[in-house]
Amino acid sequence: MKVKSSTGLYCLIGNPLEKSLSPDIHNTSFDINKVDAVYTALEVKPEYLEDAVKGIKALNIKGFNVTIPHKVEIIPYLDELDREANLLGAVNTVKNVNGRLKGYNTDGKGFIELLKSKRVKVKNQKVIVIGAGGAARAIAMSLAIEGVKEILIVNRTIEKARTLSDEIKDKVKDITVKYSLKSEKEYAEYDLIINCTSIGMYPDAESVPFDLSLLSKSCTVADIVYKPLKTKFLQLAESRGHQTVEGLGMLINQALLSEEIWLDKTIEKELVLKELVKGF
Ligand code: NAP
């Protein structure tokens, strides 16, 4: 694309950022969606976070993403939070409207949108979330907001599963939240299982996070690990006849939901996904 004086600038702040796929995702999307903008990654050390936010305001940058280690620490510098960011206490997207900064969190919503695009039912369903880290927290909270009936959090560190379970029960009404260590019993009554751990991620690509024989065939199997695109967990699930959902779609959705917030318009996502899959 040709950069002109009218070209908008959007960015990611975090540290380190050399492996971030965000510039590729956003610039591909700006190209496909014909948005006159460019996106770059700016490494910001923790001690410069406040200065960076002031700089963003001074330069009137209209929107930016936030990643590790600033997702929580950015909050005091913002003027307002949306419901999801408020419930999670973490922000990944900021919109700048005339110097007023509003924080959002699109991580969980990106996953919910992916499920909807695959016609996977969420409301009133029973879901197993494997993991209790940052991604599991965002996904579990979004599932709770979307109205799932029950969430079972399975994690090797049981205290973290209990903390997340308590937090969801505290913040969302009318939901059952349970937690357990791995594979204690049969899980035949669950409708959806999501791997939110790094198990199966390259170079550990032969590992699987859960014994699929414990699930019923009607259970949808999702993995948020996107390297490899189709993890061993998903390959095995497919061979057993389960519907499967790959993680790259979540990564792209959460990024493109940020664009929708910044630009106040619907962004075409399928074409962006197709283009980016070519590079995987
Ligand atoms: P995190 O906060 O560090 O949490 C890691 C989770 O994985 C914890 O629950 C941890 O269990 C568990 N875990 C790690 N290694 C394990 C092992 N060998 N055995 C059992 N459990 C293990 O990380 P995160 O940010 O949540 O990210 C988790 C994964 O999701 C990463 O692979 C990341 O690349 C991927 N991700 C994908 C997307 C996407 O858009 N598709 C978005 C975010 C993250 P303990 O609590 O016991 O340590």
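Remember, it's a predicted structure, so these values are computed and weren't measured experimentally.

(A) Molecular detail of the environment of Lys-109. Checked against the element boundaries, Lys-109 lands in helix α4 (residues 107-117). When the C-alpha positions of Lys-109 and Leu-257 are compared, they lie 8.2 Å apart, and in sequence the two are 148 residues distant. If we skip the residues at most four places from it in the chain, Lys-109 touches Asp-82, Glu-84, Ser-142 and Leu-257.

(B) Quick peek at the sheet that holds strand β10 (residues 192-195). Spatial ordering of the open sheet is given by β9-β8-β7-β10-β11-β12, a layout of six strands whose pairing is parallel. What marks the edges here is a single partner per strand, and that holds for β9 (176-180) and β12 (244-245). Direction of pairing for β10 relative to strand β11 (residues 220-223): parallel, over a ladder of four bridges. Looking at the pairing, Asn-195 lines up with Asp-223 of β11. Against the sheet, helix α6 (residues 158-171) makes contact with β8 (150-154) and β9, and its axis sits at roughly 175° relative to β9, the strand it touches most.

(C) Inspection of the state of the cysteines at higher detail. Inspection of every chain in the model, using the stated rule, returns zero disulfides. Cysteine Cys-219 shares no disulfide, and the gap to the nearest cysteine sulfur, in Cys-196, comes to 13 Å.

Rules of the game
Residues numbered from 1 in each chain as written. Predicted model: local features only at pLDDT ≥ 70, side-chain atom pairs only at ≥ 80, totals over all residues. Heavy atoms only, no water. Helix = DSSP H or I, 4+ residues; strand = E, 2+ residues; numbered from the N terminus. Contact = heavy atoms within 4.5 Å. Pairing = 2+ DSSP bridges. Axes fitted to C-alpha atoms, helices over the stretch in contact; angles between N-to-C directions. Disulfide = S-S within 2.5 Å.

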